Amino acid sequence: MTRSIGDKVVAITGASSGIGEATARRLAQSGAKVVLGARRTDRLDRIVSEIKAAGGDAVACTLDVTQRSSVYAFVEAAVATFGRLDVFINNAGVMLVSPLGEFKVDEWDQMFDVNVKGVLNGIAAALPVMQRQEDGHIINLSSVAGHKVAPGFTVYCGTKFAVGAISEGLRQEAGPGIRCTVISPGAVQTELSSHIAAGAAKDAVDAMYATAALSPDAIAQAVVYAVSQSADVDVNEILIRPTAQNFF
Ligand SMILES: NC(=O)c1ccc[n+]([C@@H]2O[C@H](COP(=O)([O-])OP(=O)(O)OC[C@H]3O[C@@H](n4cnc5c(N)ncnc54)[C@H](OP(=O)(O)O)[C@@H]3O)[C@@H](O)[C@H]2O)c1
């Protein structure tokens, strides 16, 4: 059965800024009930208040995607609040770029914990609910960095290639009724690069983003496109770059 976007319950990880925030706002504008998760709950509370003031339906939940119990609680909160879960968006991510030779091994761990294990935790929590419903849609945020490798981005690219592989396996294994979409943005103006330690790698990323970066709402609109297709249409991947992006 095709549910219209206005009948859908959508949970979004990493909804306190950037692409996750813009996606929550766009989906709520389209009538979806949205569940926003992240660690900075003050930010989530403000976004939820603004969505509600504009006539939307939203709740905020504290979430750390690296903690499996936190992700299960997030999904349970969505189902307890709205009665079902139609779409789960694995959006939370970190991009801590540096050359391998700097051996920032704690940052390598953090990227795999959030970008890969966080996605697996999301699938583990959301898929059983969707299998019971015999209906659902998991959307995973990869990147152009999930298609191409560039010096300094090696570990980040490794996490995003993994997201692509996991998503394709999920598509094949999930069975009829459950859709899987990978969204792969190029440069988008968000807080993502602000967490890179000062130095040559951060300067290079900032210079790249200064030449071309999309608004997060451009990615949110791609999510709305994938979500709003009829139930038999599985949009498997959307790759979106700024027209002016000549790197990566
Ligand atoms: N911006 C780009 O150019 C670009 C390009 C390609 C792909 N992407 C991907 O798009 C996704 C969103 O990134 P963005 O660009 O919107 O960056 P952003 O503004 O930095 O947003 C990242 C979000 O992830 C959340 N997050 C980080 N660690 C978390 C954790 N342990 N548990 C829960 N939430 C966590 C952050 O929330 P809290 O800190 O409040 O927890 C924040 O809401 C990422 O997967 C990123 O890799 C971005």
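The model shown is predicted, which means the values in this text are computed figures rather than measured ones. Per chain, residues are indexed from 1 in the order of the written sequence. Two thresholds apply to this predicted model, a pLDDT of at least 70 for residue-level local features and 80 or more for giving and counting side-chain atom pairs, whereas whole-chain, interface and lining totals are computed over all residues. Just so you know, side-chain values use all the structure's heavy atoms and leave hydrogens and water out.

Turning our attention to the site of the ligand. Here a residue is near a molecule or strand as soon as one of its heavy atoms is found within 4 Å of it. Neighbouring the ligand are 30 residues, the closest being Arg-39, Arg-40, Tyr-156, Thr-190 and Tyr-209. Measuring from an oxygen atom of the ligand, one finds a backbone N or O atom of Asn-91 at 2.8 Å. Nitrogen and oxygen atoms within 3.5 Å of one another constitute a polar contact, given that in protein one can donate a hydrogen and the other can accept it, and given that sequence-neighbouring residues count only through two side-chain atoms. Between the ligand and Lys-160 there is a distance of 3.0 Å, counted from an oxygen atom to a side-chain nitrogen or oxygen. Calculation on the ligand without its partners gives an accessible area of 880 Å², and the protein chains cover 96% of this total. Here a helix means four or more residues in a row that DSSP labels H or I, a strand means two or more in a row labelled E, and each is numbered from the N terminus. Within the residue set of the shell around the ligand, elements represented by two or more residues are α1 (18-29) and α5 (154-174). The residue classification treats Ala, Val, Leu, Ile, Met, Phe, Trp, Tyr, Cys and Pro as nonpolar and Asp, Glu, Lys and Arg as charged. All others, Gly included, are polar. Looking at the shell around the ligand residue by residue, the classes come out as 14 nonpolar, eleven polar and five charged. For the area figures, the Shrake-Rupley method with a 1.4 Å probe applies, and any residue is considered shielded solely by the protein chains shown.

What follows covers unusual backbone geometry. Here Glu-134, not a glycine, exhibits a phi torsion of approximately 55 degrees, which is positive. By secondary structure assignment, the location of Glu-134 is in the loop between α4 (105-133) and β5 (136-141). Residue classification places Glu-134 among the exposed residues on the basis of a relative accessible area of 64%. With a phi angle near 55 degrees, Phe-248 is a residue other than glycine that sits in the positive phi range. Positionally, Phe-248 belongs in the segment after β7 (237-240). The classification of residues rests on relative accessible area computed with a 1.4 Å probe and restricted to protein chains. Under 20% of the type maximum is buried, over 50% is exposed, and intermediate values are partly exposed. Overall, Phe-248 belongs to the buried group, its relative accessible area being 18%.

Within the secondary structure, Val-10 sits in strand β1 (residues 9-13). Considered as a pair, Val-10 and Ala-197 are 187 residues apart in the sequence and their alpha carbons are 33 Å apart.

Note that Ala-210 resides in helix α6 (residues 200-211). For Ala-210, a relative accessible area of 67% puts it in the exposed group. Along the primary structure Ala-210 and Ala-187 are separated by 23 residues, whereas in three dimensions their C-alpha atoms are 9.6 Å apart.

UniProt positions are given in the numbering used here, feature names are shortened, and annotations may be inferred rather than shown by experiment. As recorded in UniProt, the feature "domain: Ketoreductase" (unreviewed entry) lies at residues 8-191. Between the C-alpha atoms that bound residues 8-191 the distance is 28 Å, and the span itself is 49% helix and 19% strand.

The way it works is a 1 Å grid over only the protein atoms, where trapped points that fit a 1.4 Å probe form a cavity and open points with protein on both sides within 12 Å along at least five of seven lines form a pocket, and then any residue with an atom within 4 Å of a point lines it. Grid points are joined across faces, edges and corners, and a volume is the space filled by probe spheres set on the points. Using the criterion set out here, one finds one cavity of 30 Å³ or more in the structure. Estimated volume of the largest cavity: approximately 30 Å³. Lining the largest cavity are Leu-96, Val-97, Ser-98, Trp-108, Met-111, Gly-152, Phe-153, Thr-154, Val-155 and Tyr-156. Only α4 and α5 provide two or more residues apiece to the lining of the largest cavity. A total of three residues in the lining of the largest cavity trace back to one element, the largest contributor, which is α5. Here the lining of the largest cavity is composed, by residue class, of seven nonpolar, three polar and no charged.

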